[in-house]
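Each chain, written out:
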Amino acid sequence: MLVSYLLLTLFHTETAVLARPGGESIGCDDFLGSDKVVDKCGVCGGDNTGCQVVSGVFKHALTSLGYHRVVEIPQGATKINITEMHKSNNYLALRSRSGRSIINGNWAIDRPGKYEGGGTMFTYKRPNEISSTAGESFLAEGPTNEILDVYMIHQQPNPGVHYEYVIMGNNAISPQVPPHRRPGEPFNGQLEAEDRRLEDRDNRDKNQEKEDSHAEAPEVLTSASSHTQTFPVRHPDRFPAHRPDNLVPAAPQPPRRSRDHNWKQLGTTECSATCGKGSQYPIFRCVHRNTHEEVPESYCDSSMKPTPEEEPCNLFPCPAFWDIGEWSECSKTCGLGMQHRQVLCRQVYANRSLTVQPYRCQHLEKPETTSTCQLKICSEWQIRTDWTSCSVPCGVGQRTRDVKCVSNIGDVVDDEECNMKLRPNDIENCDVGPCAKSWFLTEWSDRCSAECGAGVRTRTVVCMTNHVSSLPLEGCGNNRPAETTPCDNGPCAGKVEWFSGSWSQCSVECGSGTQQREVICVRKNADIFEALDPYECSFLEKPPSQQACHLKPCGAKWFSTEWSMCSKSCQGGFRVREVRCLSDDMTPSSLCDPQLKPEERESCNPQDCVPEVDENCKDKYYNCNVVVQARLCVYNYYKTACCASCTRVANRHTGFLGSR
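Residues numbered from 1 in each chain as written. Predicted model: local features only at pLDDT ≥ 70, side-chain atom pairs only at ≥ 80, totals over all residues. Heavy atoms only, no water.

1. Remarks on the overall build of the protein chain
In step 1: Each helix and strand counted, the protein chain has five helices and 37 strands in total.
In step 2: Contacts in the protein chain between residues far apart in sequence, at least 24 positions, make up 66% of those at least 6 positions apart.
In step 3: Total accessible area computed for the protein chain in this model is approximately 41,400 Å², and 51% of it derives from carbon and sulfur atoms. (Helix = DSSP H or I, 4+ residues; strand = E, 2+ residues; numbered from the N terminus. Contact = heavy atoms within 4.5 Å. Areas by Shrake-Rupley, 256 points an atom, 1.4 Å probe, with all protein chains shown as cover.)

2. Quick word on the side chain of E136
In step 1: Here E136 lies in the loop between β7 (120-125) and β8 (137-140).
In step 2: Judged by relative accessible area, E136 falls into the buried class, the value being 4%.
In step 3: Within the local environment of E136, its side chain forms a polar contact with the side chain of R126, the two groups lying 3.1 Å apart.
In step 4: Beyond its immediate sequence surroundings of up to four residues, E136 is in contact with I82, T83, E84, N90, Y91, L92, N104, Y124, K125, R126 and P127. (Buried < 20%, exposed > 50% of the residue type's maximum accessible area, 1.4 Å probe, protein only. Polar contact = N/O pair within 3.5 Å; in protein donor to acceptor, adjacent residues only side chain to side chain.)

3. Thoughts on the pattern of salt bridges
In step 1: Within the structure shown, the criterion is met by 20 salt bridges.
In step 2: The partner of E141 in a salt bridge is K79, and the shortest N-O contact between them spans 2.9 Å. Linking E141 in the loop between β8 and β9 (148-154) with K79 in strand β3 (residues 78-84), this pair joins segments that are 62 residues apart in sequence.
In step 3: As a salt-bridge pair, R346 and D323 come within 3.2 Å of each other at their nearest N and O atoms. One end of the pair, R346, is in strand β17 (residues 343-349); the other, D323, is in strand β15 (residues 321-324), and 23 residues separate them in sequence. Each member of the pair, R346 as well as D323, carries the same accessibility label: buried.
In step 4: Each of R69, E72, R97 and D149 takes part in one network of salt bridges that share partners. (Salt bridge = Lys/Arg side-chain N within 4 Å of Asp/Glu carboxyl O.)

4. Some details on the state of the cysteines
In step 1: This structure, assessed with the given rule, holds 15 disulfides.
In step 2: Each disulfide pairs two cysteine sulfurs, and for C345 the partner residue is C361, the sulfurs being separated by 2.0 Å. Across the S-S bond of C345 and C361 the torsion is about 85 degrees, and the bridge reads as right-handed. A residue pair is termed long-range when its members are at least 10 positions apart, and C345 in strand β17 and C361 in the loop between β18 (352-355) and β19 (370-373) qualify at 16 residues. (Disulfide = S-S within 2.5 Å.)

5. Quick look at the sheet that holds strand β5 (residues 101-103)
In step 1: Taken in spatial order, the four strands line up as β2-β9-β4-β5 in an open sheet, and their pairing is antiparallel. The sheet is open, and its two borders are formed by β2 (66-73) and β5, each paired with just one other strand. Each strand of the sheet is rotated relative to its neighbour by a mean of 30 degrees, with strand direction disregarded.
In step 2: As defined by bridge partners, strand β4 (residues 91-96) adjoins β9 across six bridges and the pair is classed as antiparallel. Looking at β9, one finds that A93 is bridged to Y151. (Pairing = 2+ DSSP bridges. Axes fitted to C-alpha atoms, helices over the stretch in contact; angles between N-to-C directions.)

6. Thoughts on the sheet that holds strand β20 (residues 380-383)
In step 1: Spatially, β20-β22-β23 is the arrangement adopted by the three strands of the open sheet, whose pairing is antiparallel. Edge positions in the open sheet fall to β20 and β23 (412-413), since each of these has one partner strand only.
In step 2: Bridging between strand β22 (residues 403-406) and β23 involves two bridges; their strand directions are antiparallel. The partner of V406 across the bridge, within β23, is V412.

Below, the structure written as structure tokens:
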């Protein structure tokens, strides 16, 4: 029976080799021209009914950081595929039900590669972080010999994990692979009687071998259809006159095996690992019994070849090493932040990577566990306009200005990209002064009150509110401007008498006003008047020195306030005053001549400013222009290290804003 199995194996091997050059495909049943393929259950020509495909997607929303179980892989599972649906900062982990960590256990992130666990080999993949959007995955052919659990190390929202594996059903058919089938099983539709005939023929071959160890090889059987067929013995260089078209000729056979040769161990394979427990296998060769000379393996009985058994080797532990985890996300989305990673001392033994005490790695420099990071330069606040004028002409109001968040390339972005704690105010209160009142004045009169000697000129002074209000006037304070000023048209002459000068012009050009005149005691000597003390004329009735006057109704007249302070102390500023048109009853009017309206604004302080030079503000580095171009002057370190450059830029920026 064993010989028949070996003959069939040899037949199928030769058939596969000889069939391929012809261009026809060989199916999984080893028949030329067959289109049968292995299904998911491993059954040649199967329809996937011999197994159960289990698949699903883990979509639970997770809130807490750490390990969360995704799915259980049962014992006997094959075709295992666990894959993240999108790339994320989460990690997949795998452990056995007994608690042994296989991949990414104990908060240590393993490198992509192959890891043994559950009786199969898992391939751990982590696609390129820049060029790929695919997530992590575990792949294994199986079958597993124990229950395994898949976990997710949750750090950010779960993108979904797809899982799939195959488990054999109760009616599953074992994979039909001809060279490895068990004796007695049906093969390609042939009956067990064929095996018995092959075994009988094999026994006859063995008897012939005893009689003549140098005879030709036994016949090679071919199976070209589902019918049981046997073919007569044929020798090398001898072919039948006719053979079926669907048969493939067999290759010449090697010399018959004899008892003069046997199998002998000649060394071992290389150890699979240089440390931490590897494995190796003995190497068996066919040699002559007497000379021990190595000969082709066909001289030995392949059924007698010992099965190589695994032998442990290099059992000593590997040197400890620092296992470096992945960097965490930067703690800040812009500017200088921090990122962390886990660094563990690990040692490999028995094909397992174990976490050990840190002192075992003391011969190595420990990698940094923290590092600074900067994803991009932060955006900064910029003041785009000066303050507006106060919203009210007096009292407390508000003023505004334009404040924008600007990126490092000069674009206006959302306010959230700037530090809201550092945002300059874009609105504030302003106090223009009390709304009570202001003094309004007319121009001085042109005519002196006395035709000779000392006299006065007059003007009108009015206390008014500087904006329209229904409140009664409450006074403008004690600093009332003078309504008269001295004037002198020269000395007078005459006898002792009260001398009355001519009446001055009316204090107002319209409406109710006053006129003054000078009344003095004089002595006239010829053409000379000598002023005397008033008591010298006390015997005379003194004429009045003031009277009311009313030239005409006013209708309206221009009034103005005092000039304000200059807006700048140097390099050109301006000052303002308020001008009002008032009627006879001192109420606002629109009847004044616009061409006679006094100016409300004029320039002042045109002299140049003397700049203040700070000797302590200097550049400490030669390349401070790079700091200015990168907009790093907002940071205190660069503002100090490149003080002069940063100050010049700030002054230019201030000048630009001020010119708007």
